Amino acid sequence: MIEVVDETGSTNADVASRLATGEYLPEGTWLVADRQTAGRGRLGRVWNDGAGNFMGSTVVRPGTGDPAPATLALLAGLAVHEAIGELGVRDLRLKWPNDLLREGAKVAGILLEMIGGVVIVGIGVNLASAPDVPGRSVAALADHGAAPGRDRFAGALAETFARELLRWRSAGLAPLLRRWQSAAHPLGTPLRVLPSGEGEVHGAFAGLAEDGNLRLTLEDGSLRTIHAGDVLLV
Ligand code: BTN
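Rules and cut-offs
One numbering rule holds for all chains: residues counted from 1, following each sequence as written. Only residues with pLDDT of at least 70 are given local features in this predicted model, and only at 80 or more are side-chain atom pairs given and counted; all residues enter the totals for whole chains, interfaces and linings. Computation of side-chain values: all heavy atoms of the structure, hydrogens and water removed. Only strands that DSSP links by at least two bridges are regarded as paired with each other. Secondary structure elements are defined from DSSP: runs of H or I of at least 4 residues count as helices, runs of E of at least 2 residues count as strands, and each element is numbered from the N terminus. Lines fitted to the C-alpha atoms define the axes, with helices restricted to the stretch that makes contact. Angles between their N-to-C directions range from 0 to 180 degrees. Proximity is defined per residue: any heavy atom of the residue falling within 4 Å of a molecule or strand makes that residue near it. Polar contact is the term for a pair of N or O atoms within 3.5 Å; when the atoms are in protein, one must be able to donate a hydrogen and the other to accept it, and sequence-neighboring residues count only if both atoms are side-chain atoms. Reported accessibility uses the Shrake-Rupley method at a 1.4 Å probe radius. Residues are deemed covered only where the shown protein chains occlude them. Gly counts as polar in this scheme, as do all residues outside two lists: the nonpolar Ala, Val, Leu, Ile, Met, Phe, Trp, Tyr, Cys and Pro, and the charged Asp, Glu, Lys and Arg. Should any heavy atoms of two residues lie within 4.5 Å, those residues are considered in contact. Just so you know how the angles are binned, under 35 degrees is roughly parallel, over 145 roughly antiparallel, 65 to 115 roughly perpendicular, and the rest oblique. Left-handed is the label given to a crossing in which the near helix is rotated counterclockwise from the far helix by less than a right angle, and right-handed is the label when the rotation is clockwise.

A. Summary view of the sheet that holds strand 5 (residues 99-102). What the seven strands build is an open sheet, ordered 1-2-3-7-6-5-4; its pairing is mixed. Looking at the sheet topology across the chains shown, the edges are occupied by strand 1 (2-8) and strand 4 (93-95). Averaged over all pairs of adjacent strands, the angle between strand axes in this sheet comes to 20°, irrespective of strand direction. Examined bridge by bridge, strand 6 (residues 105-115) and strand 7 (residues 118-125) share eight bridges and lie antiparallel to one another. Note on strand 7: the bridge partner recorded for glutamate 113 is isoleucine 120.

Here is the structure:
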């Protein structure tokens, strides 16, 4: 079910407070806002509001036997990539863990939060407009021609997300990682990583590890696995 509100602080925060008050939100529930006044981004950043853009959150209830909840970040990125592709926009690439880029500029972002064993997946997609983010290159689908409307996109995303979730549960991580990698920038793409608590790491994209972490080939030829951090194209 897709529930739409006209304005709120943050759809992730709303879902979190509904869960905290004991409301049962089943998988397949989406909360979508026309406007967000306090949108949350990754690594404590804000997510700027933009009229006509998609801003929505859903829930996943991981069970025993499911792949690790952190891998939902990859699943969500792939679901957004597929939804946009099914609506006819094809030149977007994923960047680990789940940013969607067009010619290096960020078009979508995803924030995962966990409350009482439930994962809240918050997704922002610049359909109509790209907010100004100092120091970051951002773009909107509408910059390069007609973009899907918000409601049409929301419907497509609810479908691709549900489909990927079913596959994640039934077929495990390996097929998801293969699909993610074919939707990502090519192997060898130069990346700059800011892992938490240490300096910048430069390397070339060497694909995903079996658990979905990022692998980089460093300048000395060694392989390094990145578990968390900000990843930028060089
Ligand atoms: C990022 O920094 O890349 C993640 C951005 C996630 C933004 C979305 S918009 C809908 C949902 N509600 C929020 O407050 N944040 C997420």
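Okay, back to it.
B. Broad picture of the site of the ligand. In the vicinity of the ligand lie 20 residues, with Ser10, Gln36, Arg40, Arg42 and Lys106 positioned nearest. Measuring from an oxygen atom of the ligand, one finds a backbone N or O atom of arginine 42 at 2.7 Å. A distance of 2.6 Å separates an oxygen atom of the ligand from a polar side-chain atom of lysine 106. Its free accessible area being 420 Å², the ligand has 99% of it covered by the protein chains. Of all the secondary structure elements, the ones that give two or more residues to the shell around the ligand are helix 1 (11-20), strand 3 (54-60), strand 6 and strand 7. Each residue belonging to the shell around the ligand can be placed in one class, and the counts come to five nonpolar, 11 polar and four charged.

C. Molecular detail of the side chain of threonine 29. The residue threonine 29 is located in the loop between helix 1 and strand 2 (30-36) in this model. Separated by 2.7 Å, the side chain of threonine 29 and the backbone oxygen of proline 26 make a polar contact. Residues in contact with threonine 29, not counting those within four places in the same chain, are Met1, Ser57, Thr58 and Val59.

D. Local environment of the packing of helix 2 (residues 72-86) against helix 3 (residues 150-171). Across the interface, helix 2 lies against helix 3 with an axial gap of 8 Å and an inter-helix angle of 135°. Taken together, helix 2 and helix 3 sit at an angle that is classed as oblique. The element helix 2 and its partner helix 3 pack so that their crossing is right-handed. Here Leu72, Leu75, Ala76, Leu78, Ala79, Val80, Glu82, Ala83, Ile84 and Glu86 of helix 2 come into contact with helix 3, specifically with Phe153, Ala156, Leu157, Thr160, Phe161, Arg163, Glu164, Leu165, Arg167 and Trp168.

The quantities given are spatial measurements derived from coordinates; they are silent on function.
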